[in-house]
Amino acid sequence: MNKCEMKQAILAAKIEKGLSWADIAKAAKLSCEFTCSACLGMNHLEKPAAEAVTELLGLGEDLAVALQQFPLKTWEQTIPTDPVIYRWYEIVGVYGETIKEIINEKFGDGIMSAIDFSMQIDKQEDPKGDRVVVTLNGKFLPYKSW
């Protein structure tokens, strides 16, 4: 099973069983965001987590093997070469679909506003290397039916 087939099987089983990404993450004993990203094919899970997810979803051993495979993190892109800006493209490329899935699961069908929006960038000192903390805060805008 390849990562694309794995992703489709996971999404179908998630819907069929009425599970949330939090439910799946709890089984994996990992964060919701990372588990979702791995299930969408942009990260991998270690064997115990892969087997726990597979068992929860009622899917076969071939899916557990696919979850353990290292991903090829590619997406269509034209990226600026400035290293700071490039890394933001990388974050969105790797985690964008995860962010969308979790926003849709928690809020419904819609987007985060980039107009009614705030951002905060902080420094968190850490003995292993200082950390950049970015908080993005945007109003949820639901799509309307018409």
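Along every chain, residues carry numbers that run from 1 in the direction the sequence is written. Where totals are concerned, whole chains, interfaces and linings use all residues; where local detail is concerned, this predicted model gives features only for residues with pLDDT of at least 70, and gives and counts side-chain atom pairs only at 80 or more. Based on all heavy atoms of the structure, the side-chain values leave hydrogens and waters out of the count.

Draft legend 1. Fine view of the pattern of salt bridges. What makes a salt bridge here is a side-chain nitrogen of Lys or Arg within 4 Å of a carboxyl oxygen of Asp or Glu, nothing more. All told, the structure shown has 5 salt bridges when counted by the stated rule. Measuring nitrogen to oxygen at the nearest pair gives 2.7 Å for the salt bridge that ties Lys 7 to Glu 97. Of this pair, Lys 7 sits in helix α1 (residues 3-17) while Glu 97 sits in helix α6 (residues 83-107), and the two are 90 residues apart along the sequence. The closest approach of N and O atoms between Asp 130 and Lys 123, which form a salt bridge, is 3.3 Å. Strands here mean DSSP runs of E at least two residues long; helices mean DSSP runs of H or I at least four residues long; both are numbered from the N terminus.

Draft legend 2. Spotlight on the environment of Gln 68. By secondary structure assignment, the location of Gln 68 is in helix α5 (residues 61-68). Ignoring anything within four residues of it in the chain, the contact list for Gln 68 reads His 44, Leu 45, Glu 46, Lys 47 and Ala 50. Think of a polar contact as two N or O atoms within 3.5 Å of one another; within protein, one of them needs to be a possible hydrogen donor and the other a possible acceptor, and neighboring residues in sequence only count if both atoms come from side chains. Polar contacts involving the side chain of Gln 68 include one to the main-chain carbonyl oxygen of Ala 64, which spans 3.0 Å. Two residues qualify as a contact provided that any one of their heavy atoms is within 4.5 Å of a heavy atom in the partner residue.

Draft legend 3. Molecular detail of the pairing of strand β1 (residues 110-124). In this scheme, strands are said to pair when DSSP sees at least two bridges between them. Two strands pair when backbone bridges link them, and β1 and strand β2 (residues 131-142) are joined in this way by 11 bridges, in the antiparallel orientation. Looking at the pairing, Met 119 lines up with Leu 136 of β2.

Draft legend 4. Spotlight on unusual backbone geometry. The phi dihedral of Lys 29 falls on the positive side, at around 65°, and the residue is not glycine. As for its position among the elements, Lys 29 is in the loop between α2 (21-28) and α3 (32-39).

Draft legend 5. Geometry of the side chain of Lys 7. Throughout this description, buried means an accessible area under 20% of the type-specific maximum (1.4 Å probe, protein chains only), exposed means over 50%, and partly exposed covers the range between. Relative accessible area serves as the criterion here: at 17%, Lys 7 is assigned to the buried category. If we ignore the near neighbours within four places in the chain, the residues touching Lys 7 are Cys 39, Leu 40 and Glu 97.

Draft legend 6. Structural context of a nonpolar patch on the surface. Patches here: salt-bridge-free residues with over 30% relative accessible area, like charges joined within 9 Å, nonpolar side chains (Val, Leu, Ile, Met, Phe, Trp, Tyr) joined within 5 Å. Only the protein chains shown count as cover for residues, and all accessible areas are computed by the Shrake-Rupley method using a 1.4 Å probe. Side chains of Val 84, Ile 85, Trp 88, Tyr 89, Ile 91, Val 92, Met 112, Phe 117, Met 119, Ile 121, Val 132 and Leu 136 sit close together on the surface and give an oily, nonpolar patch of about 1,100 Å² of accessible area. When contributions to the nonpolar patch are tallied by element, the ones reaching two or more residues are α6, β1 and β2. The leading source of residues in the nonpolar patch is α6, at 6 residues. Mapping Val 92 onto the fold places it in helix α6.

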